[in-house]
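Understanding the architecture of this molecule
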Amino acid sequence: QVQLVQSGGGSVQPGGSLRLSCTGSGFTFSTFAMAWYRQTPGRERERVASIARPGGSTAYADSVKGRFTISRDNAKATVYLQMNSLKPEDTALYYCNAFKTLEQDYWGPGTQVTVST
């Protein structure tokens, strides 16, 4: 049974930091590309950051470049999103995604990140 377990969300003041984690099971984690998406009410889900299968090339949305860092530890089957210099507009529900094929496209349950004074 495929499972993605997320942790690390919460509330923080502007300028603060949070680290999200997502641990996968039930599939061969190292062979999947991993990504973080976010969504706010009334808006489409936005891909924030992605990291390729072993090789680990990364890509970021323009809105988070220089502030967010995605990384993976295949031995722990975990992907991370380090978020620094957080802004109120980063407030969203953040989802972990594991992708290999259209039939192997898995999502975590989401974790709330709130940035406010």
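Report follows, based on the coordinates. Source: prediction; values computed, not measured. (Residues numbered from 1 in each chain as written. Predicted model: local features only at pLDDT ≥ 70, side-chain atom pairs only at ≥ 80, totals over all residues. Heavy atoms only, no water.)

A closer look at the state of the cysteines
- For the coordinates displayed, the defined rule picks out 1 disulfide.
- The side chain of C22 participates in a disulfide bridge whose partner is C96; the two sulfur atoms lie 2.0 Å from each other. Residues C22 and C96 share a disulfide whose torsion about the S-S bond is about -75°; that sign makes it left-handed. On the criterion of sequence distance, the pair formed by C22 in strand β3 (residues 18-25) and C96 in strand β9 (residues 92-101) is long-range, its members being 74 residues apart. The pair formed by C22 and C96 is uniform in burial state, with each residue classed as buried. (Disulfide = S-S within 2.5 Å. Helix = DSSP H or I, 4+ residues; strand = E, 2+ residues; numbered from the N terminus. Buried < 20%, exposed > 50% of the residue type's maximum accessible area, 1.4 Å probe, protein only.)

Regarding the sheet that holds β3
- Across the sheet, which stays open at both edges, the 4 strands sit in the order β1-β3-β8-β7 with antiparallel pairing between neighbours. Each of the sheet's edge strands pairs with one partner strand only, and the pair in question is β1 (3-7) and β7 (68-73). Put simply, the sheet's adjacent strands are angled 15° from each other on average, direction ignored.
- With 5 bridges connecting them, β1 and β3 associate as antiparallel partners. Looking at β3, one finds that Q6 is bridged to C22. (Pairing = 2+ DSSP bridges. Axes fitted to C-alpha atoms, helices over the stretch in contact; angles between N-to-C directions.)

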